[in-house]
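Here are the chains, one letter per residue:
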Amino acid sequence: MTAISTSAEIKNLALFNASEKTDGSSDLDSQADIYMNRAYREMYMGGQAFDPEINETWWWMKAEASLILDGNITTGTVSVTKNSATATFSATPTPTVDSTVAGWHLKITGHPDIFKVSSIVTATATLDTVYTGTTAATASYTLFKLDYDLSTSAIKIIGPMTAYQESKHLIYGMSETEMNYNYPLGLVSSGVPSHYSQVDENTIRFNKWGSATAGTIIRVDYDYLRLPTDLADDSVEPLVPKQYRHVLADMITFYLLGDKNSARQ
């Protein structure tokens, strides 16, 4: 067993080292598949399984992506009713990039509370809570987007994001708590963002909503650690550089020997 390239070869080396058959008849064959992905995850997540102080950003895990930030929408007026979650716009709000304003924030001029559009059909929107201000048939408003989805393959962002408009460059990450404290929704304004926070596993929130001019969009670039596809007993090669793939086999062997209660572990 000299070639250690594919996931099948890595698994077979581990089985061989654990004194198990490599033809699929080993009682630990399916368990080796589970351990292969456990070892793979522990490695690509930074290596803390080896040492708690290790948290590597592996070059072979890096990828690049971009976000396009939409401008705000202020066209026409909106009808809102106190204690009702329904808001009706005088014209269907049409984003430049998105297909809908669902997920956007709504600010009614003169009222301090900020609402989120849960859904919208044509010009009639459902808000995330009932409207708390005074009933108005023709209120002026601002619709703006703060939350953006990262690449579905992103595990985490590496370093600051980068923007190029308004002579801005770096957009720094901060905790959601810091974001809410330093940039509460009621005070959020237009412009190129300077900070972002992680809202959930795949969503970030910026501290500014982009351009105040409808139709003007902004590009933001970011680097991230990508999520590899789980390995199987096949010819797929893991992202780990070839010269280090034996480490995966060693880790699988360690787990298999533990199952066997072997002193060799």
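Just so you know, these numbers come straight off a predicted model, no measurement behind them.

Q: Got a sec to walk through a nonpolar patch on the surface? Specific residues and values, please.
A: Taken together, the side chains of Ile-68, Val-97 and Ile-217 make up a nonpolar region of the molecular surface, amounting to roughly 210 Å² of accessible area. Relative to the helices and strands, Ile-68 resides in strand S1 (residues 62-69). Taking the relative accessible area as the measure of exposure, Ile-68 reaches 35% and is therefore partly exposed.

Q: If you had to explain the sheet that holds strand S7 (residues 136-139) to someone new, which residues and values would you point to?
A: Read from one edge of the open sheet, seven strands run S7-S2-S3-S6-S5-S4-S8, paired in antiparallel fashion. The open sheet terminates on both sides in strands that have one partner only, identified here as S7 and strand S8 (141-144). The mean angle between the axes of side-by-side strands here comes to 35 degrees, regardless of whether they run parallel or antiparallel.

Q: So, the pairing of S1: which residues are in play, and what are the values?
A: Alternating residues of S1 divide into Ala-63, Ala-65, Leu-67 and Leu-69, all buried, and Lys-62, Glu-64, Ser-66 and Ile-68, none buried. Pairing analysis gives eight bridges linking S1 to strand S14 (residues 218-226), with the strands arranged antiparallel. Bridge pairing in S14 links Leu-69 to Ile-218.

Q: If you had to explain the side chain of Asn-207 to someone new, which residues and values would you point to?
A: Looking at where Asn-207 falls in the secondary structure, it is placed in the loop between strand S13 (203-206) and S14. Classification of Asn-207 as buried rests on a relative accessible area of 2%. Reaching out from Asn-207, the side chain makes a polar contact with the side chain of Ser-194 at a distance of 2.9 Å. In terms of polar contacts, Asn-207 uses its side chain to reach the backbone amide nitrogen of His-195, at 3.1 Å.

Q: So what's going on with the pairing of strand S3 (residues 86-89)? Which residues, and what values?
A: Of the two faces of S3, the one holding Ala-87 and Phe-89 is buried and the one holding Thr-86 and Thr-88 is not buried anywhere. As judged from the three bridges shared by strand S2 (residues 78-80) and S3, these two strands associate in the antiparallel manner. Considered in S3, the bridge of Val-78 is made with Phe-89. If you look at the hairpin formed by S2 and S3, you'll find five residues sitting between the two strands, and Asn-83 has a positive phi there, around 70 degrees. Relative to strand S6 (residues 124-127), S3 runs antiparallel, the two being bridged by three bridges. In the sheet register, Ala-87 faces S6, and the bridge partner there is Ala-125.

Q: Tell me about the packing of helix H1 (residues 7-17) against helix H4 (residues 245-259), and name the residues and values.
A: To describe two helices that pack against each other, one gives the angle between their axes and the distance between the axes. For the pair H1 and H4, the least separation of the axes is 8 Å and the interaxial angle reads 45 degrees. By the angle between their directions, the pair H1 and H4 is classed as oblique. The chirality of how H1 crosses H4 is right-handed. Where H1 approaches H4, its residues Ile-10, Leu-13, Ala-14, Leu-15 and Asn-17 are matched on the opposing element by Arg-245, Leu-248, Ala-249, Ile-252, Thr-253 and Leu-256.

Q: Talk me through the pattern of salt bridges; I want residue IDs and the actual numbers.
A: Per the stated rule, a full pass over the model turns up eleven salt bridges. One salt bridge in this structure joins Asp-147 and Arg-205, with 2.6 Å as the shortest N-O distance. Of this pair, Asp-147 sits in strand S9 (residues 147-149) while Arg-205 sits in strand S13, and the two are 58 residues apart along the sequence. Given the relative accessible area of 11%, Asp-147 is considered buried. Judged by its relative accessible area of 15%, Arg-205 falls in the buried class.

Cut-offs applied
- Chains are numbered independently. Their residues run from 1 in the order of the written sequence.
- Where totals are concerned, whole chains, interfaces and linings use all residues; where local detail is concerned, this predicted model gives features only for residues with pLDDT of at least 70, and gives and counts side-chain atom pairs only at 80 or more.
- For side-chain calculations, the full set of non-hydrogen atoms in the structure is used, while hydrogens and water are omitted.
- Each patch is built from residues lacking any salt bridge and having more than 30% relative accessible area; the joining distance is 9 Å for like charges and 5 Å for nonpolar side chains (Val, Leu, Ile, Met, Phe, Trp, Tyr).
- Calculation of accessible area relied on Shrake-Rupley with a 1.4 Å probe; when residues are assessed, cover is drawn exclusively from the protein chains displayed.
- We define a salt bridge as a contact between a side-chain nitrogen of Lys or Arg and a carboxyl oxygen of Asp or Glu at a distance within 4 Å.
- Runs of H or I in DSSP of at least four residues are treated as helices and runs of E of at least two as strands, each being numbered from the N terminus.
- Note on classification: 1.4 Å probe, protein chains only; a residue is buried when its accessible area is under 20% of the maximum for its type, exposed when over 50%, partly exposed between these limits.
- A pair of strands is considered paired only if DSSP assigns at least 2 bridges between the two.
- Axis definition: a line fit to C-alpha positions, over the contact stretch in the case of helices; interaxial angles, taken between N-to-C directions, run 0 to 180 degrees.
- Whenever two N or O atoms come within 3.5 Å, that pair is a polar contact, provided that in protein one can donate a hydrogen and the other can accept it, and provided that, for residues adjacent in sequence, both atoms are side-chain atoms.
- If an angle is under 35 degrees, it is roughly parallel; if it is over 145, roughly antiparallel; if it lies from 65 to 115, roughly perpendicular; otherwise it is oblique.
- Each helix crossing is assigned a hand: it is left-handed if the near helix lies turned anticlockwise from the far helix by less than a right angle, otherwise right-handed if that turn is clockwise.
- Pairs of residues are marked as contacts when any of their non-hydrogen atoms sit within 4.5 Å.

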